[in-house]
Amino acid sequence: MVVGVPDRPGIAAAIFEPLAKANISVDTIVQNASIQNITDLTFTVARSELAKAMKVVEPIARTIGARNA
């Protein structure tokens with residue numbers, strides 16, 4: 001889950017494209033309704049890919065200004 005994501009065009013792509021390039025399959029994606037232009041993105045990956053996914057997502061979360069990943 002990436003919490004406190006700025007709700008603007010291209011943000012989801014900034015998160016999911018690097019995951020795809022790392023060959024990490026994302027199964028389910030849920031984006032909460034935006035409140036004051038901030039949203040949360042929740043997604044699932046295989047347990048065996050979790051550590052790899054976190055290494056990809058954490059620096060992106062910091063770059064886009066999310067509260068945490």
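Please refer to the structure higher up on the page.
Predicted model, so just to flag it, every value in this text is computed and none were measured.

## Section: the overall build of the chain
Then step 1. On a plain count of helices and strands, the chain comes out with two helices and three strands.
Then step 2. Listing each helix as α and each strand as β along the chain from the N terminus yields β-α-β-β-α.
Then step 3. Computed over C-alpha atoms, the radius of gyration of the chain comes to 11 Å, within 12% of the 11 Å expected from 2.2 N^0.38 for 69 residues, which places it in the range of a compact globule.
Then step 4. Projected onto its principal axes, the C-alpha coordinates of the chain cover approximately 35 × 20 × 20 Å.
Then step 5. Considering the chain as a whole, with its 69 residues, one finds that 32% of them fall into the buried category.
Then step 6. When contacts within the chain are restricted to residue pairs at least 6 apart in sequence, those whose partners lie at least 24 apart make up 66%.
Then step 7. For the chain, the computed accessible surface area is about 4,500 Å², with 53% contributed by carbon and sulfur atoms.

## Some thoughts on the environment of lysine 21
Then step 1. Turning to its location among the elements, lysine 21 is positioned in helix H1 (residues 11–21).
Then step 2. Take lysine 21: its relative accessible area is 72%, and that puts it in the exposed class.
Then step 3. When the C-alpha positions of lysine 21 and valine 56 are compared, they lie 9.9 Å apart, and in sequence the two are 35 residues distant.

So, how was this worked out
- Note on numbering: residues in each chain are counted from 1, in written sequence order.
- This being a predicted model, a pLDDT of at least 70 is required before a residue's local features are given, and a value of 80 or more before pairs of side-chain atoms are given or counted; all residues contribute to the totals for chains, interfaces and linings.
- Side-chain measures were taken over the full set of non-hydrogen atoms in the model, leaving aside hydrogen atoms and water.
- Strands here mean DSSP runs of E at least two residues long; helices mean DSSP runs of H or I at least four residues long; both are numbered from the N terminus.
- A radius of gyration in this sense is built from C-alpha atoms; the matching globule rule multiplies 2.2 Å by the number of residues raised to 0.38.
- Exposure classes here rest on a 1.4 Å probe applied to the protein chains alone. A residue is buried below 20% of its type maximum, exposed above 50%, and partly exposed in between.
- Here a residue-residue contact requires only that any non-hydrogen atoms of the pair lie within 4.5 Å.
- Note that accessible areas follow from Shrake-Rupley with a 1.4 Å probe, and for residues the cover is restricted to the protein chains shown.

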